[in-house]
Amino acid sequence: MTVTLAPPAPTPRIAAATDPLAVLGVPGEVNLDYAASAPCARAAADAVAELLPWYASVHRGAGALSRRCTLAYERARQTVGDFLGARPGDHVIFTRNTTDALNLLARALPAGTTVVTFAGEHHANLLPWPRGSVRLPVPAGPAEAVRALEAALTGLRRGADASTPVLVAVTGASNVTGERWPVAELTRVARRYDARVVLDAAQLAPHVPVDATALDVDYLAVSGHKLYAPFGAGVLLGRADWLDAAPPYLAGGGATGHVGSAPHEVRWVSGPARHEGGTPNLLGAVALAAVCQALADTDRDALHAHEQRLLARLRTGLAALPEAVELRTFGPDAPRVGIVSFVLAGRDSAEVAARLARDHRIGLRDGLFCAHPLARRLLAEAAGRSGRGDLPPTALRASIGLGSTSQEVDLLLTALGTLRW
Ligand code: PMP
């Protein structure tokens, strides 16, 4: 049998051994696509490497290896819960990613729950919700978002089913524009109408501290691969009552307390295990916890300040390019994380992205970013604002984070300024 080998990979850049938040990468490859999947932090890689010799079952074995793995998994749960501000009694459930976490919550909603969300959400926070959910239009600014939610909740509570559960589902930061949503204000409104809140923190948590208690949100979802821990774990954190009353998300081993001989004779456990059927993703959980701990131990204000400087450099540089038009929902000065979407007038975004990759070894994202209603609307708004009739139908997105440098930003700006067709 002939085996075709792939060309030798470039030597990976191994981050400084002492910095747990240094990220792994490949020399010469400019990664400006953190919002899709961030690179792996040293802390995550080290935690996995350290545990691998011990790798064995979780919750299922009496041997030393298995007991150690069970302990590591449950410690990871504690660390991640602490990092995300879990309240006593909250469940911290390991999932595959944010999509999985929000789908889990959608399946756990009490019958008749109305979910209120905005059309500016990622598909993961638009599509799982039940029929009858309310989708509010993309607001022009944070204050309008708060007013729109208040109006929607007033209407719902005035209706015939004034006592039915209501869940407000909102993102912390947009994956298209990086703009931060007014989570604390939206939550205050929700509370007044006895509604619960789930925060899609997939794009917020990698950039700023996110604390469920401080924000007073009931549920929170994140993805490990966006948090520098690309080993396949995500998290749903939140109030226990709905989760313990719901059917298990995955029926199978680990979620059961007792299974009788008759079909359907089963007692499901409560707690996180109820929704973690099957063998859990130990390495994913441990990697995510290691990054959470490293972030908790670091000066996040300093990281944030550095990222904001790079972001300003990127946005200023884009503004200076005659064909570049930025996408935005809330206005140029709205607070945002390290994400910028833009188009080059007269240029196909997929072609620009391919040229950047091929000629400059710069990786960024093109398309509608799994937020089609929002991206289409922002493209139309950008066309109106810029007065250009030749904007492409899809956009480009550059995103940064730990390990990003001003040189990388400048390489992108130079490359965009010198693209020849
Ligand atoms: N929400 C937001 C805001 C996102 O950016 C993403 C990923 N792009 C998701 C949810 C879904 O995350 P995942 O693909 O990890 O499930």
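Per-chain numbering applies: the sequence of each chain, read as written, is numbered from 1 onward. It should be noted that, the model being predicted, local features are given only for residues of pLDDT at least 70 and side-chain atom pairs only at 80 or more, the latter also being counted only at that level, while totals for whole chains, interfaces and linings use all residues. Hydrogens and waters are ignored; side-chain quantities use all the structure's heavy atoms.

Attention shifts here to the confidence of the model for the protein. Confidence of the prediction at every residue is given by pLDDT, a number between 0 and 100. In this model, the protein carries a mean pLDDT of 94, and residues with pLDDT of at least 70 account for 95%. Whether two residues are in contact is decided by their heavy atoms, any of which lying within 4.5 Å being enough. pLDDT under 50 marks residues 1-9. Its contacts with residues more than four places away, or in other chains, come to zero contacts. Every residue in residues 11-15 scores below 50 in pLDDT, and together they form 15 contacts with partners more than four places removed in sequence or on other chains.

So, about the side chain of S174. Numbered from the N terminus, helices here are DSSP runs of H or I no shorter than four residues, and strands are runs of E no shorter than two. Looking at the secondary structure, you find S174 in the loop between β5 (166-171) and α5 (183-192). A distance of 3.0 Å separates a polar atom in the side chain of S174 from the backbone nitrogen of V176. Every residue in contact with S174, bar those within four places of it in the chain, is listed here: E179, W181, I339 and L374. Counted as a polar contact is a pair of N or O atoms within 3.5 Å, where, for protein atoms, one must be capable of donating a hydrogen and the other of accepting one, and residues adjacent in sequence contribute only when both atoms are in side chains.

Moving on, we get to the domain arrangement of the protein. A common way to state how big an interface is: give the accessible area lost once the parts meet. As far as domains go, the protein holds domain 1 (30-40 + 299-417) and domain 2 (44-296). Bear in mind that the domain bounds are from an automatic or database domain assignment. Just the C-alpha atoms count here: the centres of domain 1 and domain 2 sit 28 Å apart. Carbon and sulfur atoms supply 60% of the area buried between domain 1 and domain 2, which totals about 3000 Å² over both sides. Accessible area that two parts lose when put together, evaluated with a 1.4 Å probe and summed over both, is termed the buried area. Among the residues domain 1 hides against domain 2, the three largest losses belong to C40, R300 and F330. Together they make up 27% of the total. Basic side-chain nitrogens of Lys or Arg form a salt bridge, by our definition, when they fall within 4 Å of a carboxyl oxygen of Asp or Glu. Summed over the shared surface of domain 1 and domain 2, the number is zero salt bridges.

Quick look at the packing of aromatic side chains now. When the centres of two rings from Phe, Tyr and Trp lie within 6.5 Å, Trp using its six-membered ring, the rings pair. Their planes under 30 degrees apart give stacked, over 60 give edge-to-face, and anything left gives tilted. Counting across every chain of the model gives five aromatic pairs. Seen from their ring centres, Y34 and Y228 are 6.2 Å apart, and the 70° between their planes marks the pair as edge-to-face. Placement of Y34 in the loop between β1 (30-31) and α1 (42-51) and of Y228 in the loop between β7 (219-223) and β8 (234-238) is noted, with a sequence separation of 194 residues between them. The buried label goes to any residue with under 20% of its type's maximum accessible area, the exposed label to any with over 50%, and the partly exposed label to all in between, with areas taken from a 1.4 Å probe on protein chains only. With a relative accessible area of 7%, Y34 lands in the buried category.

Right, let's get into the pattern of salt bridges. In total, this model carries 20 salt bridges according to the counting rule given. For E29, the salt bridge goes to R361, with nearest N and O atoms at 2.9 Å. Residue E29 is located in the segment before β1, and its partner R361 is located in the loop between α10 (349-360) and β13 (362-363); the two are separated by 332 residues in the primary sequence. Residue classification places R361 among the partly exposed residues on the basis of a relative accessible area of 36%. Here R87 and D90 are joined by a salt bridge, their closest N and O atoms 2.9 Å apart. Residue classification places R87 among the buried residues on the basis of a relative accessible area of 13%.

To continue, consider the site of the ligand. In these notes, residues near a molecule or strand are those with any non-hydrogen atom within 4 Å of it. Close to the ligand lie 13 residues; T99, D200, Q203, S223 and H225 are nearest. Between the ligand and D200 there is a distance of 2.5 Å, counted from a nitrogen atom to a side-chain nitrogen or oxygen. K226 is positioned such that a nitrogen or oxygen atom in its side chain is 2.8 Å from a nitrogen atom of the ligand. Accessibility throughout is a Shrake-Rupley quantity obtained with a 1.4 Å probe, and a residue counts as covered only by protein chains that appear here. Coverage of the ligand by the protein chains reaches 90% of its 400 Å² of free accessible surface. Ten residues, namely Ala, Val, Leu, Ile, Met, Phe, Trp, Tyr, Cys and Pro, are considered nonpolar, four, namely Asp, Glu, Lys and Arg, are considered charged, and the remaining ones, Gly among them, are considered polar. In terms of residue class, the shell around the ligand is made up of two nonpolar, nine polar and two charged.

A few words now on the pairing of β5. Of all six residues in β5, six are buried; the element is thus mostly enclosed. Neither face of β5 is left uncovered, since the one carrying V166, V168 and V170 and the one carrying L167, A169 and T171 both have all their residues buried. Strands are treated as partners if at least two bridges between them are detected by DSSP. Across four bridges, strand β3 (residues 114-118) lies against β5 in parallel orientation. In the strand pairing of β5, V115 is matched with L167. Orienting the strands away from the viewer, one traces the path from the first strand over the helix to the second; a clockwise path indicates a right-handed crossover. For the segment spanning β5, α5 and strand β6 (residues 196-200), crossover handedness is right-handed.

What follows covers helix α2 (residues 64-83). Here α2 contains 20 residues, and its C-alpha end-to-end distance of 28 Å stays within 8% of the 28 Å for a straight helix at 1.5 Å per residue. Looking only at α2, the buried set comprises S66, C69, T70, A72, Y73, A76, R77, T79, V80, G81 and F83. Residues of α2 that are buried make contact with α1, β2 (91-95), β8, α8 (282-296) and α9 (300-319). For a helix, the expected span equals 1.5 Å multiplied by the residue count minus one.

Below, the discussion takes up α9. Residues that lie three or four places apart on an α-helix share one face, since the helix turns once every 3.6 residues. In this model α9 runs 28 Å from its N-terminal to its C-terminal C-alpha over 20 residues, within 8% of the 28 Å that 1.5 Å per residue would give. All of the buried residues along α9 are R300, E307, L310, L311, L314, R315, G317 and L318. Angularly, the buried residues of α9 cover 160° about the axis, an arc narrow enough to put them on a single face. For α9, the exposed residues lying more than 90 degrees away from the buried face are D301, R309, T316 and A319. The inward-facing, buried residues of α9 contact α2, α8, β11 (324-326), β12 (339-344), β15 (395-399) and α12 (406-418). Between the side-chain oxygen at the start of α9 and the backbone nitrogen of D301 there is a gap of 3.1 Å, and the oxygen is on D299. When we speak of the arc, we mean the arc of directions from the helix axis to the C-beta atoms.

So, on to the sheet that holds strand β14 (residues 365-367). Here we have four strands laid out as an open sheet, ordered β11-β12-β15-β14, and antiparallel in their pairing. In this open sheet, the two edge strands, each paired with only one partner strand, are β11 and β14. Across the sheet, the mean angle separating the axes of adjacent strands is 35° when strand polarity is ignored. The pairing of β12 with β15 spans four bridges and is classified as antiparallel. Lines are fitted to the C-alpha atoms to define the axes, a helix being fitted only along its stretch in contact, and any angle between axes, read from their N-to-C directions, falls within 0 to 180 degrees.

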